[in-house]
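# Summary of the model geometry
Okay, here's what each chain looks like letter by letter:
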Amino acid sequence: MSEEPLSETSSSSSFVPVEQVHIQDAIQVIDENKRFNNAILDYVGKTSSANVGHNYHIVAVFGSQSTGKSTLLNNLFNTNFDVMNEYSRQQTTKGIWLAYSPGVSTTSGHVSTNSNILVMDVEGTDGRERGEDQDFERKAALFALSTSEVLILNIWETQVGLYQGANLGLLKTVFEVNITLFGKSKLDSTNDHKVLLLIVIRDHVGTTPVESLAETITQDLRKIWDSLSKPGELSHLRFEDFFDLDFHALNHKILQPKEFSDGVGRLGDRMVKKNDLFKPEYHHNIPVEGWTLYAEKCWEQIENNKDLDLPTQQILVAQFKCDEIVEQTFQDFLKKFNELFKDVAKEPSFEDIGALFVDLKHDVLEEYDHAAAKYNKSVYEQKRVKLESLIHSKFKEVFDLYSKQLVETAIASFKSDLAALKGKDFNQQSQILSANVVNLTKTSLGLISLNGVFSYDETLQQIEKDLADAITKQQKIELDSIVNKSAKRLSTNLSKTIQFELNDPSESTWDKILEQFNLYVNEFTSKYDGDFGLNTLQADNEEAVKKFKFKSWNYFYDLIHKFIYKERVLDILQSRFDDKFRYDSNGLPKLYQDARELETSFAIAKEHALAVLPILTIAKLGDDSEIVPDFDIFSPKLRLHYLNVKSEQSDDEDDDEDESHSFADIISEAEKSHILSKFKKEIDAKFVETKRSIVQHVTQIPYYVYLIIIALGWNEFMAVVRNPFTFALAILFAASIYILYTLNLLKPAIAVGQRLIDDAVIIAKEKLREVLIDDHEIQARNLDKMTGKVKQAHLDKEFEGETIVNASEEKQREALE
């Protein structure tokens, strides 16, 4: 690397040796051949104050060629960058140069700062020397952006509002690559680093306020940022996350030299006195030695990254214009799209929608082709694909909506049709319905798929799965329906059998009931023979048979306890007793003539009634074995599984877990004792009532006694007649009898009076009996018989003896009377 004297311009293509550099001179960081100068750190160490460390600032300038960038730096930072030759107007700065600022120009003169300010002068853009090969200037701009704290964008006032003139196209590319290479660091929430973009507006004549110019530039920069192609994980980052904006205007240097100098001084004031341009978040937070290494690594990454092999100006123009055409065409498309598909909730015509898709897409692409085909072909085709993708994304929204609506409607209709089959030829008909739904869905979605652009294979797979699930669910419903209907039919038939057998219970009653039950169960199993015609799995069919049998035994148990309960048993016993006690073999009422006949008939009737008590209290077969079901119908798990019923146990059952249910037990021992006690009281009352009627019949007063009473009481009768008061009562009594006779109420009145007298006599006798009779042994025997602890034969024997005792008691009462 050859050495050159300091008197040569800074545009030299060779690096300036550090040994020959004075404090005002610059060093080339990167030359025009894209080579990085490793001697930067030595330059910084010899030109800067001792122990720089973190006490430094990096300022870079960027802008079009021949806009006075170097002049601005020299006037503001008192550097010695070479400036343009006004006669030749050729490129002066080549590559990127770095210089140490000995002091900043302010309104009060040159001020030496406590901080070391290093200034980079970047090769101008849009130079004729490079032509369309703008690769270096973009890489240089990106390098300046990534390594500096303050990037001065030097533009003329007349360039504001222009795209290429204001280097907006270049900035867009630089921003895009910058976020790609360095944007991931922003994902760290602690990283608040930014770069200040200081927009210096040159040759400002004052006609347009600086604020208006600043607003225009800000809008352009934000628009560029929003149009960037950002990686997915960085798409949420904003312009403000990377950059701050500031503006400063300078007058014309030649025509208004004093105003220009004053403007530079005011800018220097902002850097030195106000210190509002160097903020902590702009600093790279590394010592100057680290910054030089960081700058070298940045340039290596920028230089070696293939994404920075940037296109020519022609391609950039094509990209810009095609993007504009795409945006405008797509906006026109959106208006038509929203108008055509504003009411997507109504019943769709898939054929019409598909035709609208094709026609609208053709019109939009034709409009784009007409406007964009004249630009670079590769860019035109690339942007056409982008537009087509945007169009497809909107069509896909409608496609997905109608697809979802179609599937939901089809599934709902299918379920309704499936339920309407009610099990009739279910297997074949369900397959036909399923195939129809799949074909309808496939045809309808094909019409709106833009000739296969939108794939609906997953939709078809999903609907086939949903249909299969619906069939499986309906199969279980139909299977449960068959089981439930058959079990209820068994319950109805078995109910009739049990009621018929209970009319006249016998030792073979339970044999007959169980035989009919098994007949009904076998009828179900033989009818379906493990196949219910629903194309269900063999395991499901076997489970259905088990469920039917469990339900059948459960219904059997419920029917037993429905028709056989304490009160019903008592009614059956009393009915059987009355059949023997009150009626003879011909069905005529019995009229007892003496007590012996009454006692014999009473014993026979009682024995006949009590003979069925064991049959009604426990379900036993003729061989004295209990009926045992095929399932434990009291198991909570089985009841939950087959009946979907959660068993609820009482507190007593929870306390006594060892106590188990028995299917055959119908009436408990406590209920049996209560039945016996009440039955005995009822039949005893009937016995006493019948015997009283015999006694009343035997002790009737003869008719001639009434004649004797009349003869002997004649004087008393006359005394009554002669007495006015008793005579009046007699007339009143006779008139009452006549009225009752006339109204045909005489007999009912006599009956009521006789009943009152009889009840009064009975009550009086009972009270007298309680006073005169107190036999503890008789009461003890009665209690033993009520508890059911003695055998039936012994019961009958005691009952006969008790009948004799009752007869003796009756004679005692007659004697008392």
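Note that this is a predicted model, so its numbers are computed, not measured.

Before going further, it helps to spend a moment on helix H6 (residues 257–272). Taking 1.5 Å of rise per residue, the 16 residues of H6 would be expected to cover 22 Å, and the 22 Å separating its terminal C-alpha atoms lies within 8% of that figure. Every buried residue belonging to H6 is among Phe260, Gly263, Val264, Gly265, Leu267, Gly268, Asp269, Arg270 and Met271, and all of these are buried. Buried positions along H6 lie against helix H2 (69–77), strand S4 (104–106), strand S8 (195–202) and strand S9 (243–249).

Where helix H15 (residues 566–581) contacts helix H16 (residues 595–610), the axes come no closer than 8 Å and their chain directions differ by 145°. The handedness of the crossing between H15 and H16 comes out as right-handed. Here Leu573, Arg576, Phe577, Lys580 and Phe581 of H15 come into contact with H16, specifically with Leu598, Ser601, Phe602, Ala605, Lys606, His608, Ala609 and Leu610. Across the contact of H15 with H16, the residue classes break down as 8 nonpolar, 2 polar and 3 charged.

What follows deals with the UniProt feature "transmembrane region" (unreviewed entry) in the protein. Within this structure's numbering, the places UniProt gives as "transmembrane region" (unreviewed entry) are residues 727–746. Regarding residues 727–746, the helix share stands at 85% and the strand share at 0%, and the terminal C-alpha atoms are separated by 22 Å.

Take the pattern of salt bridges next. Across all of its chains, the model carries 21 salt bridges by this definition. Between Lys194 and Asp244 there is a salt bridge, with the nearest N and O atoms lying 3.5 Å from each other. Here Lys194, found in the loop between helix H4 (168–182) and S8, pairs with Asp244, found in strand S9; they are 50 residues apart in sequence, far enough to count as distant. Accessibility expressed as a relative area gives 18% for Asp244, which makes it buried. Where Lys396 meets Asp400, a salt bridge forms, and the shortest distance between an N and an O atom there is 2.7 Å. Pair noted here: Lys396 and Asp400 are both in helix H10 (residues 377–420), with a separation of 4 residues, about one helical turn. In the salt-bridge network here, residues are joined through shared partners; they are Asp323, Lys383 and Lys386.

Moving on to the sheet that holds S8. Strand pairing in a sheet takes place through backbone hydrogen bonds and is either antiparallel or parallel in direction. If you walk across this open sheet you meet the 7 strands as S1-S3-S6-S2-S7-S8-S9, and the pairing is mixed. Bordering the open sheet on either side are strand S1 (26–30) and S9, each of which pairs with just one other strand. Strand-to-strand twist across the sheet, computed as the mean angle between neighbouring axes with direction ignored, equals 25°. One ladder, built from 6 bridges, connects strand S2 (residues 56–63) with strand S6 (residues 116–122); its direction is parallel. Paired with His57 across the strands is Ile117, a residue of S6. Helix-sheet contacts for helix H5 (residues 210–226) involve strand S7 (150–156), S8 and S9, and the interaxial angle to S9 is about 150°.

Turning our attention to the packing of helix H11 (residues 426–447) against helix H12 (residues 457–503). Two elements in contact, H11 and H12, have axes whose closest approach is 10 Å; the angle formed by their N-to-C orientations is 160°. Between H11 and H12, the interaxial angle falls into the category roughly antiparallel. The two elements H11 and H12 cross, and the hand of that crossing is right-handed. On H12, the residues that touch Phe426, Ser430, Gln431, Ser434, Val437, Val438, Thr441, Lys442 and Leu445 of H11 are Thr459, Leu460, Ile463, Glu464, Leu467, Ile471, Gln474, Gln475 and Glu478. Taken together, the residues of the contact of H11 with H12 sort by class into 8 nonpolar, 7 polar and 3 charged.

Counting 85 residues, the largest nonpolar core has Phe77, Phe143, Leu151, Phe175 and Phe243 as the members making the most contacts within it. The contact partners of Phe175, leaving out residues within four places of it in the chain, are Leu145, Leu197, Leu221, Ile224, Trp225, Leu228, Phe239 and Phe243. Counting 77 residues, the second-largest nonpolar core is a separate cluster that includes Leu467, Val521, Leu559 and Ala664.

This brings us to the UniProt feature "binding site: GTP" (unreviewed entry) in the protein. Per the UniProt annotation, the sites labelled "binding site: GTP" (unreviewed entry) are Gly63, Ser64, Gln65, Ser66, Thr67, Gly68, Lys69 and Ser70. Checked against the element boundaries, Gly63 lands in strand S2. You can see Gly68 is positioned in the loop between S2 and H2. Exposure remark for Gly68: the relative accessible area of 18% places this residue in the buried category. Residue contacts for Gly68: discarding those within four places in its chain leaves Asn154 and Arg202.

With that settled, the discussion passes to the packing of aromatic side chains. Summed over all chains, the structure comprises 31 aromatic pairs. Relative to Phe243, the ring of Phe242 lies with its centre 6.2 Å away and its plane at 40°, an arrangement referred to as tilted. Residue classification places Phe243 among the buried positions, given a relative accessible area of 3%. Taken together, Phe517, Trp553, Phe556, Tyr557, Phe634 and Phe663 form an aromatic cluster joined through their ring pairs.

Rules used in this analysis
- Residues numbered from 1 in each chain as written.
- Predicted model: local features only at pLDDT ≥ 70, side-chain atom pairs only at ≥ 80, totals over all residues.
- Heavy atoms only, no water.
- Helix = DSSP H or I, 4+ residues; strand = E, 2+ residues; numbered from the N terminus.
- Expected span 1.5 Å × (residues − 1).
- Buried < 20%, exposed > 50% of the residue type's maximum accessible area, 1.4 Å probe, protein only.
- Contact = heavy atoms within 4.5 Å.
- Axes fitted to C-alpha atoms, helices over the stretch in contact; angles between N-to-C directions.
- Left-handed = near helix turned anticlockwise from the far one by under 90°.
- Nonpolar A, V, L, I, M, F, W, Y, C, P; charged D, E, K, R; others polar.
- UniProt positions renumbered as here; feature names shortened; annotations may be inferred.
- Salt bridge = Lys/Arg side-chain N within 4 Å of Asp/Glu carboxyl O.
- Pairing = 2+ DSSP bridges.
- Parallel < 35°, antiparallel > 145°, perpendicular 65-115°, else oblique.
- Core = buried A, V, L, I, M, F, W, Y, C linked by side-chain atoms within 4.5 Å.
- Phe/Tyr/Trp six-rings, centres within 6.5 Å; stacked < 30°, edge-to-face > 60°.

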